[in-house]
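# Examining the three-dimensional arrangement
Single-letter residue listing:
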Amino acid sequence: MTAAPAGRIAARLEALGLALPPVAAPVAAYVPAIRTGEHVHTSGQLPFVGGALPTTGKVGAGVDPEEAARLAAISCLNALAAVADLLGGVEALDAVVRVVKVTGYVASAPEFTGQPAVINGASTLLGEIFGEAGTHARSAVGVAVLPLDSPVELDLHVELAPGTV
C-alpha cells in the first residue's frame, strides 16, 4: 500500500472551498479534543462562525431542517479544527485513517423526528473530505435544548495511523 500524498486533506478542503476555522474556545471546563493512543475524541462542537452562533432555536420550530444540516456541517468543520489543532495543524489530518464515530445532537421541537437528516450534513461532509475513511458509525439524538440555544452539536472520534506523532 502506498502512502497518501502529504497535504491531501488540506487540498481536499481547498477543492471543496472550505477552510478549517480557528478552534472554538470552550464554553465550560473541558478541552476541545483529547488524544488517547491512536484515537482522538473531540468535545461537543457547536456551529460557531466567527465566535458566534449564526442561528439559535429548535429544529422544526424556527430552524428548518436544511439550515440545521448546514449547521451540522459547520459543527463538523469545528470538530476537525479541534483535531487538527491538537495534532499540529491541518496537514496533520492526513494521519486520520478512519472517522470512527459521529454523535450528533439536534435541539428538536417535540414533534420533529428528522434528526438523522440533520446530522447527514456532517456525515456527507466527512465523506467528501475523507472518502471511504470518512464512513463512520453514528448516533443522531433529539434533545430538548443545547448549550447557548444552539440547534445542533456534534462530536467526533477519529483513528490515527500507527506511530502518528
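The paragraphs below set out a description of the structure included in this document. Everything quoted here is computed from the prediction, not taken from an experiment.

## Quick word on the overall build of the chain
Helix and strand content of the chain: three helices and seven strands. Walking the chain from its N terminus toward its C terminus, one meets helices and strands in the order α-β-β-β-β-α-β-α-β-β. A compact globule built from 165 residues would reach a C-alpha radius of gyration of about 15 Å, and the chain, at 15 Å, matches this within 12%. By its C-alpha atoms, the chain is 50 × 30 × 25 Å across when sized along the principal axes. Within the span of the chain, comprising 165 residues, buried residues form 45% of the whole. When contacts within the chain are restricted to residue pairs at least 6 apart in sequence, long-range pairs at least 24 apart make up 83% of them.

## Notes on the pairing of strand 7 (residues 152–160)
Counting buried positions along strand 7 yields eight of nine residues, so the element is predominantly enclosed. Relative to strand 7, strand 2 (residues 39–42) is paired through three bridges, and the arrangement is antiparallel. Within strand 7, the residue paired with Val 40 across the bridge is Val 158. Where strand 5 (residues 96–107) lies against strand 7, nine bridges are found, and the strand directions are antiparallel. Its bridge partner lying in strand 7, Arg 98 is registered against Glu 159.

## Re unusual backbone geometry
Look at Leu 148: it is not a glycine, yet its phi comes out positive at around 60°. Note on placement: Leu 148 falls in the loop between strand 6 (137–143) and strand 7. With phi around 65°, Asp 149 is a residue other than glycine that occupies positive phi space. If you trace the backbone, Asp 149 turns up in the loop between strand 6 and strand 7. When its relative accessible area of 29% is taken as the criterion, Asp 149 is described as partly exposed.

Calculation notes
- Numbers given for residues are sequential positions, taken from 1 along each chain in its written order.
- Under the rules for a predicted model, residues below a pLDDT of 70 receive no local features and side-chain atom pairs below 80 are neither given nor counted, while totals for whole chains, interfaces and linings still include all residues.
- Based on all heavy atoms of the structure, the side-chain values leave hydrogens and waters out of the count.
- Each helix corresponds to a stretch of at least 4 residues labelled H or I by DSSP, and each strand to a stretch of at least 2 residues labelled E; elements are numbered beginning at the N terminus.
- Radius of gyration: over C-alpha atoms. The globule rule applied is 2.2 Å multiplied by the number of residues raised to the 0.38 power.
- Only protein chains enter the area calculation, which uses a 1.4 Å probe; residues under 20% of their type maximum are buried, those over 50% are exposed, and those in between are partly exposed.
- It only takes one pair of heavy atoms within 4.5 Å for two residues to be counted as in contact.
- By this definition, two strands are paired if DSSP reports at least two bridges between them.

Remember that the coordinates give geometry; whether it matters functionally is a separate question.
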